[in-house]
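Listed below, chain by chain, are the residues.
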Amino acid sequence: MERLVKAIESAKCVGALTGAGISTLCGIPDFRGPNGLYRQPDAERIFDIDWFDRDPSIYYRGCADLVYGLAKFEPGPVHLALAALERSGRLAGIATQNIDMLHQKAGSKAVYEVHGSPVLHHCRRCGDVKTFDEILAMLAGNAAGFVPRCACGGAYKPDITFFGEALPEEAFTAAQSLAIKSDVFLVLGTSLTVYPAAGLPRLALQAGAKVFIVNAQPTPLDDYAEARYGNLSEFAAAVQRLV
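Everything in this summary refers to the structure shown in the same document. All figures in this text were calculated on a predicted structure; none of them were measured in a lab.

1. Let's talk about the sheet that holds strand β3 (residues 111-113)
What the 6 strands build is an open sheet, ordered β3-β2-β1-β7-β8-β9; its pairing is parallel. On the outer flanks of this sheet lie β3 and β9 (227-229), each paired with one strand and no other. Across the sheet, the mean angle from the axis of one strand to that of its neighbour is 15°, orientation sign disregarded. Where strand β2 (residues 91-96) lies against β3, 3 bridges are found, and the strand directions are parallel. Across the sheet, residue I94 finds its bridge partner in β3, namely V111. Docked against the sheet, helix α1 (residues 2-10) engages β1 (14-18), β7 (184-188), β8 (210-214) and β9, running at close to 135° with respect to β8.

2. Looking at the nonpolar core
One finds F47, Y59, Y60 and Y68 to be the most contacted residues of the largest nonpolar core, which totals 28 residues. Of all the secondary structure elements, the ones that give two or more residues to this core are α4 (49-54), α5 (57-62), α8 (132-139) and β6 (156-160). Grouped together as the second largest cluster of nonpolar side chains are 27 residues, I8, A227, A236 and A238 included.

3. So, the pattern of salt bridges
Following the criterion strictly, the structure yields 6 salt bridges and no others. Across the pair R124 and D53 runs a salt bridge whose closest N-O atoms are separated by 2.7 Å. One end of the pair, R124, is in the loop between β4 (116-123) and β5 (129-131); the other, D53, is in helix α4, with 71 residues separating them in the sequence. The exposure class assigned to R124 is partly exposed, which follows from its relative accessible area of 40%. Relative accessible area serves as the criterion here: at 45%, D53 is assigned to the partly exposed category. A salt bridge links E165 to K157; the shortest N-O distance between them is 3.1 Å. Overall, K157 belongs to the buried group, its relative accessible area being 5%.

Analysis parameters
Residues numbered from 1 in each chain as written. Predicted model: local features only at pLDDT ≥ 70, side-chain atom pairs only at ≥ 80, totals over all residues. Heavy atoms only, no water. Pairing = 2+ DSSP bridges. Helix = DSSP H or I, 4+ residues; strand = E, 2+ residues; numbered from the N terminus. Axes fitted to C-alpha atoms, helices over the stretch in contact; angles between N-to-C directions. Contact = heavy atoms within 4.5 Å. Core = buried A, V, L, I, M, F, W, Y, C linked by side-chain atoms within 4.5 Å. Buried < 20%, exposed > 50% of the residue type's maximum accessible area, 1.4 Å probe, protein only. Salt bridge = Lys/Arg side-chain N within 4 Å of Asp/Glu carboxyl O.

So yeah, pure geometry; function would need other evidence.
Structure representation (structure tokens):
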């Protein structure tokens, strides 16, 4: 990955877009993988806002492990490499499609969660706010499918973007700005199939950035990238040597 490393070394601004591939290295199943969330019987309903309002237990049952069991997972090599790259002053920020909060756990500060985050939960009826840890406490000892509810009776919903909801405007605007100002843009662990987040590397290309892709599967932008690599662990090792 000498070409990628040299590009980072000479860049004035490096940005990154991360997807599920960097978290599967930590043992978290890809939602769309063979053991992922979307293989469950009610998969199409789990992250659907209309279904949440009808029956929030579908979400809480489906995500008992993959969202509310995240405490047992630690950041992987890519999370740690990007945090080190940010500390060195070389990385301006990370736009992530992931909702697992592992970038922050690794120490990254400039993280734009374009699909939202479970860090906060809001009551669907009155808007009351609970933190992720407060929701965990409410869920502790209860069966999967238990719904944490506000004093007003409304169900708490995580600030994850469900189907039928708009992306978080502030985070997505910041991610777009990052893509436009970057002269090197890294695409890590995403096949670039979920829009509008998948459009961020195109913005970077249009602004003149060199785009490097590290992903096990092909992406629609492979022919436009400076280079594409298949091994995220090798990428992480190369970056760690750089910093």
